[in-house]
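This is what each chain is made of:
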Amino acid sequence: NSSAPSSDQQVSDSASIHQCSKSKLEYKVALRNLAKSMKRSEMTRRHVMMQRDMLPPDQQRALYLAKERLDQQNRLALRQQSSSTVATSFFNRSSGGSFASKMEQSRKRITMYMGQVNHGTL
């Protein structure tokens, strides 16, 4: 009798199978919705490209220049973010002391460096 599954075990197995098939169904529905969304995105992209190609040359040029300005601003923001990350990592790596003392150490190093530059010893 111990080899036959109990009714509680059968209910549990049935619930597991139901949960598994429910998860598979949800996964398939999610994939189908993703595919539909990607298709809509592609159609929109093609429509925008077609509309852009139909613009008069002066508007195409203005659009190009606006995109270039935006790209330039993004590059500048990325450089600024990168340099602030370098400064932050410098202060995080510096040994001991408070932020104010690290700033003071940095100021002294810069003053010493500038003195070497001004006196031609560097």
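Remember, predicted model here, so these are calculated numbers, not experimental data.

A. Seen up close, the overall build of the chain. Regarding its fold elements, the chain presents 3 helices and 0 strands. Tracing the chain from N to C terminus, the helices and strands come up as α-α-α. Accessible surface computed for the chain: about 11,000 Å², of which carbon and sulfur atoms make up 59%.

B. Focus on the pattern of salt bridges. Counted under the stated rule, the structure contains 4 salt bridges. The residue Glu 42 makes a salt bridge to Arg 45 at a minimum N-O spacing of 2.8 Å. Here Glu 42 and its partner Arg 45 are both found in helix α1 (residues 7–53), 3 residues apart, which amounts to about one turn of the helix. By relative accessible area, which is 28% here, Glu 42 ends up partly exposed.

C. Structural detail: a positive patch on the surface. Positive charge collects at one region of the surface, where Lys 24, Lys 28, Arg 32, Lys 36 and Arg 40 lie side by side. Along the chain, Lys 36 falls in helix α1.

D. Looking closely at a nonpolar patch on the surface. A surface patch of nonpolar side chains, amounting to about 440 Å² of accessible area, comprises Tyr 27, Leu 31, Leu 34 and Met 38. With respect to the helices and strands, Leu 31 occurs in helix α1. Classification of Leu 31 as partly exposed rests on a relative accessible area of 41%.

E. Spatial organisation of the confidence of the model for the chain. Confidence in the prediction of the chain, expressed as mean pLDDT, is 80, and 74% of residues score 70 or more. When pLDDT is averaged over each element of the chain, α1 comes out on top at 85 and helix α3 (residues 99–118) at the bottom at 77.

About the criteria used
Throughout, a residue's number is its position along its own chain's written sequence, starting from 1. Only residues with pLDDT of 70 or above have their local features reported here, since the model is predicted, and side-chain atom pairs are shown and tallied only from 80 upward, although totals for entire chains, interfaces and linings are computed over all residues. Calculated side-chain values reflect all of the structure's heavy atoms, with hydrogen atoms and water omitted. Numbered from the N terminus, helices here are DSSP runs of H or I no shorter than four residues, and strands are runs of E no shorter than two. Areas reported as accessible are Shrake-Rupley estimates using a 1.4 Å probe. Residue values count occlusion only from the protein chains shown. One side-chain nitrogen of Lys or Arg within 4 Å of one carboxyl oxygen of Asp or Glu is enough to make a salt bridge. Buried means the residue's accessible area, taken with a 1.4 Å probe over protein chains only, is under 20% of the maximum for its type, while exposed means over 50%, and partly exposed covers the values in between. Patches in this entry comprise residues that are over 30% relatively accessible and not in a salt bridge; like charges within 9 Å are linked, as are nonpolar side chains (Val, Leu, Ile, Met, Phe, Trp, Tyr) within 5 Å. His residues and chain termini do not enter the charge count, which takes Lys and Arg as positive and Asp and Glu as negative. One atom stands in for each charge, and that atom is NZ of Lys, CZ of Arg, CG of Asp or CD of Glu. Confidence per residue, as judged by the predictor, is encoded in pLDDT with a range of 0 to 100.

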